[in-house]
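# Structural characterization, general
Letter by letter, the chains look like this.
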Amino acid sequence: MNMKPMKPMPGQQQPVKVDLSQAETLRCEDTNCNNVLFISSTIIKRLSPLVSPTGEEALVPIDVYSCGNCGKVPKTMLKGSGLEGQI
Ligand SMILES: [Zn+2]
């Protein structure tokens, strides 16, 4: 019989008690907008067969959030996407 202690299953993390009222609220970077509601959006990058690990064209989705008011995406979510400052 295997008596080794079970490793915790991935995805079953202990809930962390955090007071979200003390956490910073992400706001739209547009100072005229200042909106706090964001819509889940996806940027899709097309990898050419030359750079794709599989050697075939691949579509790579990047999940970001865009401002529900003006549509702007916070710069921090665009890091590495090549779209910094464009949307
Ligand atoms: Zn906005």
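My aim in this report is to walk through the structure given alongside it, one point at a time. (Residues numbered from 1 in each chain as written. Predicted model: local features only at pLDDT ≥ 70, side-chain atom pairs only at ≥ 80, totals over all residues.)

### Details of the overall build of the protein
Quick reminder of the rule: Note on conventions: DSSP H or I runs of at least 4 residues are helices, E runs of at least 2 residues are strands, and numbering of each starts at the N terminus. Exposure classification rests on a simple neighbour count of other C-beta atoms within 10 Å of a residue's own: a residue reaching 20 or more is buried, one at 12 or fewer is exposed, and one in between is partly exposed. C-beta atoms are placed from the backbone.
The helix and strand tally for the protein stands at zero helices and two strands. Split into buried and exposed, the 87 residues of the protein put 5% on the buried side.

### Re the environment of serine 81
What counts is decided by this rule: Note on contacts: each residue gets a C-beta atom placed from the backbone, and two residues are in contact if those atoms are within 7 Å.
Relative to the elements of secondary structure, serine 81 occurs in the segment after β2 (58-67). For the pair formed by serine 81 and isoleucine 43, sequence separation is 38 residues and the distance between their alpha carbons is 8.5 Å. With residues near it in sequence (within four places) discarded, serine 81 still touches Ile43 and Ile62.

### Some words on unusual backbone geometry
Of note in this structure, asparagine 34 is not a glycine but carries a positive phi near 60 degrees. Mapped onto the fold, asparagine 34 is located in the segment before β1 (38-47). For asparagine 34, a count of 12 C-beta atoms within 10 Å corresponds to the exposed category.

Function cannot be inferred from these measures alone, as they are strictly geometric.
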